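Per-entry structural report
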Amino acid sequence: MYFEPYDIIVVGAGHAGCESAAAAANMGSKVLLVTMDLRLIASMSCNPAMGGIAKGQIVREIDAMGGYSGIISDRTMIQFRMLNKSKGPAMWSPRCQSDKMMFSAEWRRMLEKTSNLDLWQDTVIGLLVEGDQVKGVKTLMGGDIASRAVILTNGTFLNGLIHIGEQHFSGGRMGEVASFGITEQLKELGFEANRLKTGTPVRIDGRTIDFSRLIEQKGDDEVVGFSYTEPFKISKQRSCWIARTSLKVHETLRKGFKYSPMFNGRIQGVGPRYCPSIEDKIERFAGKDSHQLFVEPEGWDTVEYYLNGFSSSLPDYIQYEALQQIEGFENAKIFRPGYAIEYDYFPPEQLHHSLETRLMHGLYFAGQINGTTGYEEAACQGMMAGINASLALRDEQPLVLSRYEAYIGVLIDDLITKGVDEPYRMFTSRAEYRILLRQDNADARLTELSYKLGLAKENRYQKLQEKLSRIDEIKAFLNETYAYPDEINGLLAQRENGCIEQKIKLSYLLLRPQISLNDLITTLPILEKYKGADRFMKECLEEAEIQIKYASYIEKEDELADKLRRLESVKLPKDFDYHSLQSLSFESREKLNRYRPTTLGEASRISGISPADINVLAIFLGR
């Protein structure tokens, strides 16, 4: 098979690979996306859902940057919930259940409609390399395919090994072959590789579940969705359900512990702390009598259900026996057992913040190959790798999002400066500036940047400008308009919130925690024009309310972010010998020479680098 040379070859069509290929192609690069099976593009190999705590913020950031994950999530969702609404807006996180078959099919449709992008079904078995420059890939069927850059998004396929009890066999996912050759070649080239593991639970035939004995979890009445680009509509939703394990279930599972590859040492890779297997939870939380499980439908037109919280690598007959002891599952049948999978990853300290490898020019890593877990974490890395590979081919500076600009920036900075010793999952607690990095303002933070890159289109940019203008108008109106005692005291008395004796600005009323803008709209005639607002206006009203209500907190975080901006502006010499600075601790010299931070800000976030070390560097640089 003869191929014309490509600008960029993306290896793997999971969530990272799809976003990577789309971003690079939309920036004008000629892209080839190579995958083992075109039927499984963006496969939801684990839970059929997008978003969640901090992950929902990432999906909205991807959308604001011109990626496809938010659009496809909206088009294929079967349930939507905004999590953490009882907390402050920095914690609100959108999440949807997805129709997994539709999700994959919609991704393929989007990619097939993307200009500059070709698809090829094949297995990549190695890289073409000249010196320290990647030159393309070697495939099982197509021979050598030349390119100027390669992005590896191999997921769990690199030397993947599946475990079910005492059985273990090669595979990248259940029913799919693993990938061999790439790890071995990269190790020969000087890269360090290690092993991680992840797992997934049984898939259940919903016709055999007694839902009357479970707790129903419906979707939100108001469905917001993820994408800023499309009018969103969903006329119905499917419910999820809550079940619980019991001591009897735990005892049954314990019978299989002696066969568990996790406990008997056959699994060498470290698993995700925040998404443990059910046997790991029983072992680690021995004092708990039960654990909560979420029963999640996998689509509109299927009876298959995912049992979130019941991941396992125990023997299949143990899983099945324990499952039937859960209330509501006494007669349950399964489509397939849960399993664990071990796979190769490359410690991400070997990357620049652009996600280009330090050892090989033109070679980028994105997704689980960097030690992360989760569709959303993978997708945003893929998008950034695609953007930066395209920028590099234009001889332009890489795009590096900072920790105060995006959760994407937090994630990549954590990977590069701190590394991973277990699968990395994003949480709101990882972000120092989460009041600035809310899900509601992702478009305001990132769309202009995306527009300058050529990803966000003109109509999208103009829509953002209209939104920002409308928010300013609403804030000005609330700051200039008064409520009078006879209009508002009824509401204040109802909320036990202290009645007023003279007129008060509406913006001052919003500073009271118990009073929302919606309360004022339903109470005050002067706000009648905002009743029955469409989705666009609701977004503007919500954003205006947040900016007024949390102004002091936002201002404080802006001040902290400004300090970080100043640190990030101080560049460190590329080839500086840190061993020559005897004022630094030996550990700091070792780590600085290993990680080669480019700024004082990066140096300050390396584990083991103290504030005193940063002061030494600042003095050396004349700061």
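The structure reproduced in this document is the subject of the present report. (Residues numbered from 1 in each chain as written. Predicted model: local features only at pLDDT ≥ 70, side-chain atom pairs only at ≥ 80, totals over all residues. Heavy atoms only, no water.)

1. Observations regarding helix H1 (residues 15–26)
Applicable threshold: A helix here means a DSSP run of H or I that spans at least four residues, while a strand means a run of E at least two residues long, and both kinds are numbered starting from the N terminus. Take the number of residues in a helix, subtract one, and multiply by 1.5 Å to get its expected span. Only protein chains enter the accessibility calculation, which uses a 1.4 Å probe; a residue whose area is less than 20% of its type maximum is buried, one above 50% is exposed, and one in between is partly exposed.
With twelve residues, H1 ought to run about 16 Å at 1.5 Å a step, and its terminal C-alpha atoms sit 17 Å apart, in line with that. Along H1, the residues that are buried comprise His15, Ala16, Gly17, Cys18, Glu19, Ser20, Ala21, Ala22, Ala23, Ala24 and Ala25.

2. Focus: helix H13 (residues 485–494)
What counts here: Of all possible arcs, the one meant is that of the directions from the helix axis to the C-beta atoms. The criterion used for residue contact is that any of the two residues' heavy atoms lie within 4.5 Å.
Every buried residue of H13 is listed here: Ile488, Asn489, Leu491 and Leu492. Here the buried residues of H13 occupy an arc of 170 degrees about the axis, which is enough to place them on one side. In H13, the exposed residues that point more than 90 degrees away from the buried face are Asp486, Gly490 and Gln494. Tucked into the core, H13 has its buried residues touching strand E21 (482–483), helix H14 (506–509) and helix H15 (517–523). Just downstream of H13 lies Glu496, where phi reads positive at about 50 degrees.

3. Quick notes on the packing of aromatic side chains
Each aromatic ring pair is specified by the distance between its two centres and by the angle formed by the two planes. Inclusion rule: Pairing of aromatic rings covers Phe, Tyr and the six-membered ring of Trp, with a centre-to-centre limit of 6.5 Å; geometry is then stacked below 30 degrees between planes, edge-to-face above 60, and tilted otherwise. Each ring is checked for a lysine NZ or an arginine CZ that lies within 6 Å of its centre and within 35 degrees of its normal; such an atom marks a charge sitting over the ring.
Enumeration over the complete set of coordinates arrives at 14 aromatic pairs. Geometrically, the ring pair formed by Phe80 and Phe226 is edge-to-face, given 6.2 Å between the ring centres and 80 degrees between the ring planes. With Phe80 in strand E4 (residues 77–83) and Phe226 in the loop between strand E14 (215–217) and strand E15 (240–244), the pair connects residues that are 146 residues apart, well separated along the chain. Overall, Phe80 belongs to the buried group, its relative accessible area being 0%. Through successive ring pairs, a cluster of aromatic residues spans Phe191, Phe346 and Phe365. The cationic tip of Lys30 hangs over the ring face of Tyr6; the distance from NZ or CZ to the ring centre is 5.0 Å.

4. Observations concerning the pattern of salt bridges
Two side chains carrying opposite charge are able to pair once their charged atoms lie near each other. Defined as follows: Salt bridges are defined as contacts in which a side-chain nitrogen from Lys or Arg sits within 4 Å of a carboxyl oxygen from Asp or Glu.
The full count for this structure, using the stated rule, is 42 salt bridges. Between Glu432 and Arg403 there is a salt bridge, with the nearest N and O atoms lying 3.0 Å from each other. Remark: Arg403 occurs in the loop between helix H9 (375–393) and helix H10 (407–418) and Glu432 occurs in the loop between H10 and helix H11 (442–453); sequence separation between them is 29 residues. By relative accessible area, which is 39% here, Glu432 ends up partly exposed. One salt bridge connects Lys591 with Glu587, and the closest N-O pair in it is separated by 3.3 Å. Remark: Glu587 and Lys591 occur in helix H18 (residues 586–595); sequence separation between them is four residues, near one turn of the helix.

5. A short note on the state of the cysteines
We apply this condition: When two cysteine sulfur atoms lie within 2.5 Å, the pair is treated as a disulfide.
In the structure shown here, the tally under the stated rule is zero disulfides. Here Cys96 is not cross-linked by a disulfide; its sulfur's nearest cysteine counterpart is in Cys240, at 10 Å. A relative accessible area of 0% places Cys96 in the buried class.

By themselves, these are just geometric observations and shouldn't be taken as functional.
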